[in-house]
Amino acid sequence: MGNTSDDDERSFFSEAPMRPAAKAKATLDEKPHYLGHRDRLRERFALAGPDALPDYELLELLLFRLIPRADTKPAAKALLARFGTLAEVLGAPVGLLQEVKGIGPAVALDLKILAATAQRMARGEVHGREILSSWQQLLDYCRSAMAFEAREQFRILFLDKKNALIADEVQQTGTVDHTPVYPREVIKRALELSATAIILVHNHPTRPFSITHNHALAH
């Protein structure tokens, strides 16, 4: 009878080639080389904080939990080589994540759960703050939310008179290279929210990630 867990990448990574019986005892006493690396990386994070670690090592720390019995450095570096940044790795669709060696369906889904958590946190950090005083934070948030969308999105950020965020909404979703914008609907929604200013954001799936933004009075 086949073992269906063999299809799960966690089990795949945990498999080891058969060794001669004479070496069995020695093998049981040996610890995989990556265990010491994991301990050292966790200790560095605990003592020095996240800023002391490059993106690939932070991604390794995430993958430790998702792939318990394997060296996760190659997978972390492969993900960043494919997508560019940690935010873009978490923003990538499940199907594209699975194209990276070492990332199967379960790990890809777990990364998307982490991405959803990170986006919710980013939205909470921005909400109620003067976001125009932290423009880079806003761009990073938009990149993580939209960088790998297969279709163009037209997103609106509604601000109050202190430039604090009232709401972040996807107004329209279009095709791969076009999304409709209806000014009447934009103004109507701004009035409903009593917004004083708006930021209009949309992505470009057909070329490297970029954002078009506008800042204007809503009424």
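See the structure printed just above.
Parameters at a glance
Residues numbered from 1 in each chain as written. Predicted model: local features only at pLDDT ≥ 70, side-chain atom pairs only at ≥ 80, totals over all residues. Heavy atoms only, no water. Helix = DSSP H or I, 4+ residues; strand = E, 2+ residues; numbered from the N terminus. Buried < 20%, exposed > 50% of the residue type's maximum accessible area, 1.4 Å probe, protein only. Contact = heavy atoms within 4.5 Å. Areas by Shrake-Rupley, 256 points an atom, 1.4 Å probe, with all protein chains shown as cover. Axes fitted to C-alpha atoms, helices over the stretch in contact; angles between N-to-C directions. Parallel < 35°, antiparallel > 145°, perpendicular 65-115°, else oblique. Left-handed = near helix turned anticlockwise from the far one by under 90°. Nonpolar A, V, L, I, M, F, W, Y, C, P; charged D, E, K, R; others polar. Salt bridge = Lys/Arg side-chain N within 4 Å of Asp/Glu carboxyl O. Core = buried A, V, L, I, M, F, W, Y, C linked by side-chain atoms within 4.5 Å. Pairing = 2+ DSSP bridges. 1 Å grid on protein atoms, 1.4 Å probe; cavity = no way out; pocket = protein on both sides within 12 Å on 5 of 7 lines; lining within 4 Å. Points joined across faces, edges and corners; volume = space filled by probe spheres on them.

Draft legend 1. Broad picture of the overall build of the chain. Per the secondary structure count, the chain includes 10 helices and four strands. Buried positions account for 36% of the 219 residues belonging to the chain. For the chain, the share of sequence-separated contacts (at least 6 apart) that also reach a separation of at least 24 residues comes to 53%. For the chain, the accessible surface area stands at approximately 13,100 Å², while carbon and sulfur atoms represent 56% of it.

Draft legend 2. Inspection of the packing of helix H4 (residues 55–66) against helix H5 (residues 73–83) at higher detail. Their axes nearest at 9 Å, the elements H4 and H5 cross at an angle of 125°. Classed by the angle they form, the pair H4 and H5 counts as oblique. When you trace H4 past H5, the crossing you get is right-handed. On the side of H4, the interface is formed by Asp55, Tyr56, Leu59, Glu60 and Leu63, while H5 contributes Lys73, Ala75, Ala76, Lys77, Leu79 and Leu80. Its residues placed into classes, the contact of H4 with H5 shows seven nonpolar, no polar and four charged.

Draft legend 3. Summary view of the pattern of salt bridges. Within the structure shown, the criterion is met by six salt bridges. With a closest N to O distance of 3.8 Å, Asp39 and Arg42 form a salt bridge. Of the two residues, Asp39 and Arg42 are both situated in helix H3 (residues 33–48); the distance of three residues between them amounts to about one turn of the helix. Note on Arg42: relative accessible area 34%, which makes it partly exposed.

Draft legend 4. Fine view of the nonpolar core. Counting residues in hydrophobic clusters, the biggest one holds 26 residues, and the most contacted among them are Leu59, Leu63, Leu79, Leu97, Ile103 and Leu111. Sort the elements by how many residues they give to this core and H4 lands first, with six residues. Apart from the residues lying within four places of it in its own chain, the contact partners of Leu59 are Ala76, Leu79, Leu80, Leu86 and Val89. Within the second largest apolar cluster, 12 residues are counted, among which are Leu138, Cys142, Met146 and Ile199.

Draft legend 5. Focus on the pairing of strand E3 (residues 197–202). Across the six residues of E3, six count as buried, placing the element largely inside the fold. Side chains Ala197, Ile199 and Val201 of E3 all project onto a buried face; the interleaved residues Ile198, Leu200 and His202 project onto the opposite face, where all are buried too. Pairing geometry for strand E1 (residues 153–159) and E3, over six bridges, is antiparallel. Residue pairing across strands places Ile156 opposite Leu200, the latter belonging to E3.

Draft legend 6. Representation of the packing of H4 against helix H8 (residues 105–126) within the structure. Running from N to C, H4 and H8 cross one another at 125°; their axes reach a closest spacing of 11 Å. Relative to H8, the element H4 is oriented oblique. Along this stretch, H4 crosses H8, giving a crossing that reads as right-handed. Residue-level contacts link Leu62, Leu63 and Leu66 of H4 to Val107, Asp110, Leu111 and Leu114 of H8. The residue inventory of the contact of H4 with H8, partitioned by class, reads six nonpolar, no polar and one charged.

Draft legend 7. Fine view of the layout of surface pockets. Of the voids in this model, the largest pocket is the one considered here, and its volume is about 700 Å³. Along the wall of the largest pocket there are 20 residues; nearest its centre are Leu86, Ala87, Leu90, Ala118 and Ala122. Broken down by secondary-structure element, the contributors of at least two residues to the lining of the largest pocket are H4, helix H6 (86–91), H8 and helix H9 (135–146). Broken down by element, the lining of the largest pocket gets its largest block of residues, eight residues, from H8. Tallied by class, the residues present in the lining of the largest pocket amount to 12 nonpolar, five polar and three charged.

Draft legend 8. Region of interest: the environment of Leu165. Relative to the elements of secondary structure, Leu165 occurs in strand E2 (residues 165–173). Classification of Leu165 as buried rests on a relative accessible area of 6%. Considered as a pair, Leu165 and Val126 are 39 residues apart in the sequence and their alpha carbons are 6.9 Å apart.

Draft legend 9. Representation of the environment of Ala195. The topology assignment puts Ala195 in the loop between helix H10 (183–192) and E3. In this structure Ala195 comes out as buried when scored by relative accessible area, which is 0%. Sequence spacing of Ala195 and Leu157 is 38 residues, and the spatial spacing of their C-alpha atoms is 9.5 Å.

Note that all results are geometric; they support no functional claim without further evidence.
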